[in-house]
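# Remarks on the overall topology
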Amino acid sequence: MSNRKTRVKGFNLTEMMVVLVIMGILAGVVGMQVVKNIAKAKINSTKSQIAVLKNAVNHYKIDTNVYPEYLDDLVVRPADLKGWNGPYLESNAIPLDGWGFEYVYFPPEPGTAEFLIYSYGADGEEGGDGENADISNQTIVETAETGL
């Protein structure tokens, strides 16, 4: 009989720790990119929905010769309103913004034609930066004109 020690092949603790650290770093990098892309998608989705709502409000105005008092007027005919040819949205419902909040609508002041449709961003509150920034039909036009 020999006294040779048989060596079991496998990973030692140091090798396992190195692999786990590398996997953690990769998961962190990939996770950050996914979060950034989700935020961009919510912003772009909200901008697209505001553009659709803006077009619906303009079609409502063309048909009825007045602007809607509420966004709900785009899908439910207001009483005693002539010319309403809706619903003006394909879904027959007012969508929510990318963060699940309702859009805020300000009809035009008397004698003007400028209405506003707002999303208050991820925090649902007026003001903010980045993902929390307000998005409106007015800011979308300003962004397109400046190229930012």
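Residues numbered from 1 in each chain as written. Predicted model: local features only at pLDDT ≥ 70, side-chain atom pairs only at ≥ 80, totals over all residues. Heavy atoms only, no water.

## As for the packing of aromatic side chains
Summed over all chains, the structure comprises six aromatic pairs. With a centroid separation of 6.0 Å and an interplanar angle of 85 degrees, the aromatic rings of F106 and Y118 are classed as edge-to-face. In this pair, F106 is assigned in strand 1 (residues 104-106) and Y118 in strand 2 (residues 116-119), connecting sequence segments 12 residues apart. F106 gets classed as partly exposed once you look at its relative accessible area, which sits at 39%. Relative accessible area serves as the criterion here: at 18%, Y118 is assigned to the buried category. (Phe/Tyr/Trp six-rings, centres within 6.5 Å; stacked < 30°, edge-to-face > 60°. Helix = DSSP H or I, 4+ residues; strand = E, 2+ residues; numbered from the N terminus. Buried < 20%, exposed > 50% of the residue type's maximum accessible area, 1.4 Å probe, protein only.)

## Let's talk about the nonpolar core
One finds L53, V57, L71, L74 and I117 to be the most contacted residues of the largest nonpolar core, which totals 18 residues. For this core, the element with the most residues is helix 1 (residues 13-64), which contributes five residues. Excluding its chain neighbours within four sequence positions, the residues that come into contact with L71 are L53, V57, I94, Y103 and Y105. (Core = buried A, V, L, I, M, F, W, Y, C linked by side-chain atoms within 4.5 Å. Contact = heavy atoms within 4.5 Å.)

## Let's talk about unusual backbone geometry
The peptide bond linking G86 to P87 adopts the cis configuration, its omega dihedral lying at 5 degrees. Within the secondary structure, P87 sits in the loop between helix 1 and strand 1. Of note, N65 is a non-glycine position whose phi angle comes to about 70 degrees, a positive value. Of note, N65 is situated in the loop between helix 1 and strand 1. The exposed category is assigned to N65, whose relative accessible area is 59%. For D80, which is not glycine, the phi torsion reads 55 degrees and is therefore positive. Mapped onto the secondary structure, D80 falls in the loop between helix 1 and strand 1.

## Looking at the sheet that holds strand 2
Ordered in space as 1-2-3, the three strands form an open sheet in which the pairing is antiparallel. With one partner strand each, in any of the chains shown, strand 1 and strand 3 (135-136) form the two edges of the open sheet. As judged from the three bridges shared by strand 1 and strand 2, these two strands associate in the antiparallel manner. The residue bridging V104 from the neighbouring strand is Y118, located in strand 2. Across the sheet, helix 1 lies against strand 1, strand 2 and strand 3, angled at about 160 degrees from strand 2, the strand it touches most. (Pairing = 2+ DSSP bridges. Axes fitted to C-alpha atoms, helices over the stretch in contact; angles between N-to-C directions.)

## Regarding helix 1
An ideal rise of 1.5 Å per residue puts 76 Å on 52 residues; helix 1 measures up with 75 Å between its terminal C-alpha atoms. Those residues of helix 1 that sit buried are A39, T46, I50, L53, A56, V57, Y60 and T64. The backbone nitrogen of T14 lies 3.1 Å from a side-chain oxygen of the residue at the head of helix 1, namely N12. Residue N65 follows helix 1 closely and has a positive phi angle near 70 degrees. (Expected span 1.5 Å × (residues − 1). Polar contact = N/O pair within 3.5 Å; in protein donor to acceptor, adjacent residues only side chain to side chain.)

## A word on a nonpolar patch on the surface
On the surface, a nonpolar cluster with roughly 520 Å² of combined accessible area is contributed by L13, M17, V19, L20 and M23. One can find M17 in helix 1. (Patch = residues over 30% accessible without salt bridge, like charges linked within 9 Å, V, L, I, M, F, W, Y side chains within 5 Å. Areas by Shrake-Rupley, 256 points an atom, 1.4 Å probe, with all protein chains shown as cover. Salt bridge = Lys/Arg side-chain N within 4 Å of Asp/Glu carboxyl O.)

## With respect to the environment of E114
Topologically, E114 is positioned in the loop between strand 1 and strand 2. In this structure, the C-alpha to C-alpha distance between E114 and Q138, residues 24 residues apart in sequence, is 9.2 Å. Beyond its immediate stretch of four places on either side in the chain, E114 contacts P108 and Q138. Of note is the side chain of E114, whose polar atom sits 3.0 Å from the side chain of Q138.

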